[in-house]
Amino acid sequence: MERILIVEDEERIASFVEKGLRAQGYLTTVAGDGDAGYDHAASGGFDLVILDIGLPGQDGFTVLRRLREDRVTVPVIVLTARDSVRDTVAGLEGGADDWMTKPFRFEELLARVRLRVRTAARAPEVTVLRSGTLSLDLRTRRARAEDRTVDLTAREFVLLELFLRHPGQVLSREQILSQVWGYDFDPGSNIVDVYVRALRRKLGAARLETVRGMGYRLPA
Ligand code: CA
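What counts and how
- For every chain, the first residue of the written sequence is number 1, and numbering continues from 1 along that sequence.
- At least 70 in pLDDT is required for a residue's local features to be given in this predicted model, at least 80 for side-chain atom pairs to be given and counted, and no such filter applies to totals for whole chains, interfaces and linings, which use all residues.
- Think of the side-chain values as coming from all heavy atoms in the structure, minus any hydrogens and water.
- We count a stretch as a helix when DSSP gives it H or I for four or more residues in a row; a strand needs E for two or more, and each element gets its number in order from the N terminus.
- Only C-alpha atoms enter the radius of gyration; for comparison, a globular chain is expected to reach 2.2 Å times N to the power 0.38, where N is the number of residues.
- Here's how the labels work: a residue is buried when its accessible area is under 20% of the maximum for its type, exposed when over 50%, partly exposed in between, all with a 1.4 Å probe on protein chains only.
- By definition, residues are in contact when any of their heavy atoms lie within 4.5 Å.
- Surface exposure here means Shrake-Rupley accessible area, sampled with a 1.4 Å probe, where a residue is shielded only by the protein chains that are shown.
- Positive charge is attributed to Lys and Arg, negative charge to Asp and Glu, and no charge count is given to His or to the chain ends.
- In this description, the location of a charge corresponds to atom NZ of lysine, CZ of arginine, CG of aspartate or CD of glutamate.
- Domain segmentation is taken from an automatic or database assignment of domains.
- A simple way to read buried area is as the amount of 1.4 Å-probe accessible surface that goes missing from two parts once joined, with both sides added.
- Here a salt bridge means any side-chain nitrogen of Lys or Arg lying within 4 Å of a carboxyl oxygen belonging to Asp or Glu.
- Side-chain atoms alone can form a polar contact between residues adjacent in sequence; in general such a contact is a pair of N or O atoms within 3.5 Å, and within protein one must be able to donate a hydrogen while the other accepts it.
- The donor set comprises N, O and S atoms within 2.8 Å of the metal, extended to 3.2 Å for Na, K and Ca; water molecules are omitted, so apparent gaps in a site may simply reflect that omission.
- Between any two strands, pairing holds if DSSP finds at least two bridges.
- With axes taken as lines fitted to C-alpha atoms, and helix axes fitted only over the stretch in contact, angles between N-to-C directions fall between 0 and 180 degrees.
- Working definition: roughly parallel below 35 degrees, roughly antiparallel above 145 degrees, roughly perpendicular at 65 to 115 degrees, and oblique for all remaining angles.
- Crossing handedness follows the turn of the near helix against the far one: under a right angle anticlockwise gives a left-handed crossing, and clockwise gives a right-handed one.
- Classification used: nonpolar for Ala, Val, Leu, Ile, Met, Phe, Trp, Tyr, Cys and Pro, charged for Asp, Glu, Lys and Arg, polar for all others including Gly.

Glancing now at the overall build of the chain. Scanning the chain for helices and strands turns up eight helices and 12 strands. For 220 residues, the compact-globule formula gives about 17 Å, and the C-alpha radius of gyration of the chain, at 19 Å, lands near that figure. Going through the 220 residues of the chain one by one, you find that 46% of them count as buried. In the chain, of all internal contacts separated by at least 6 residues, the share reaching a separation of at least 24 is 59%. For the chain, the accessible area works out to roughly 11,200 Å², and carbon and sulfur atoms hold 48% of it. Put simply, the chain has 33 plus and 33 minus side-chain charges, and the middle of one group is 8 Å from the middle of the other.

In structure tokens form, the structure reads like this:
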């Protein structure tokens, strides 16, 4: 199992990233400042580091520069403030493999995480998720229900992928919202229900069960 170090001082973001990555099966460790982040990363036990730039103690740039000076080659994804192009350029020159601007959606981060961890480990990748007569091709982004091909919008695809990765498990609206839409989305929004209805229309009403007071479930 891949181990990911999250160096982030904002608890809300650290916990959002950590929960999301754990749900995907990664092992995670959070460091809340640059000094602890450097120590963990330099210890060599991680397959990937997600590194915030604005940190108490040494900042993310310093952590990154020191790691590279010390020949620590772990892949690093840098988190920067929105539109902070100078940060981004400096981050890449400092040895980052990729970067994300805040605020970001979890799915965007996950795509980069998967790419970096896969590049590092060359792990074989699952490309089709299945549950009964339902399948989702992660390359073509098309679903099949019985023998019908179903075209999905980008967001419907991410939502269905989430259900197919957790068959039989009840997913709360909050979980779905943070996994598919991101931590800065209004928790009072009914957008999850709207998209679940859309998936039911396309795939068949019985594909997604409502679990009253708890959320939704893809029957295993
Ligand atoms: Ca910060």
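The subject of this paragraph is the domain arrangement of the chain. Domain assignment breaks the chain into domain 1 (3-121) and domain 2 (128-217). Here the C-alpha centre of domain 2 lies 28 Å away from the C-alpha centre of domain 1. Roughly 1,100 Å² of surface becomes buried between domain 1 and domain 2 when both sides are summed, with 49% attributable to carbon and sulfur atoms. By the criterion of area lost to domain 2, the three top residues of domain 1 are Phe16, Arg105 and Glu107, representing 40% of everything that side buries. The interface formed by domain 1 and domain 2 includes one salt bridge. At the boundary of domain 1 and domain 2, one finds two residue pairs in polar contact (both at pLDDT 80 or more).

Once that is clear, we can look at the coordination of the calcium ion. Protein ligation of the calcium ion involves Asp9 (OD), Asp52 (OD) and Gly54 (O), the donor distances falling in the range 2.1 to 2.3 Å. In primary sequence terms, the donor set of the calcium ion follows D-x42-D-x1-G. Separated by 45 residues along the polypeptide, Asp9 in the loop between strand S1 (3-7) and helix H1 (11-23) and Gly54 in the loop between strand S3 (48-52) and helix H3 (60-69) bring together distant segments of the chain. Residue class for Asp9 comes out partly exposed when judged on its relative accessible area of 33%. Look at Gly54 and you get partly exposed, because its relative accessible area is 46%.

Judged by which residues are buried, strand S8 (residues 142-145) turns out to be one-sided: Ala143 and Ala145 face inward and are buried, whereas Arg142 and Arg144, on the alternate face, are not. Here four bridges tie strand S7 (residues 134-137) to S8, and the two strands are oriented antiparallel to one another. Pairing of Leu136 across the sheet is with Ala143, part of S8. With antiparallel pairing between neighbouring strands as the criterion, S7 and S8 make up a hairpin whose turn holds four residues, including Arg141 at a positive phi of roughly 60°. Pairing between S8 and strand S9 (residues 148-151): four bridges, direction antiparallel. Bridging across to S9, Arg142 finds its partner in Asp151. A loop of two residues connects S8 with S9, the two strands running antiparallel in sequence, and Glu146 in this loop sits at a positive phi of about 55°.

Contact geometry for helix H2 (residues 34-42) and H3: axes closest at 9 Å, N-to-C directions at 25°. Here H2 lies roughly parallel to H3, going by the angle between them. Viewed along their axes, H2 and H3 form a crossing whose handedness is right-handed. Contact with H2, carried on its side by Gly34, Tyr38, Ala41 and Ala42, involves Val63, Arg66 and Leu67 of H3 and no other residues of that element. A breakdown of the residues in the contact of H2 with H3 according to their chemical character gives five nonpolar, one polar and one charged.

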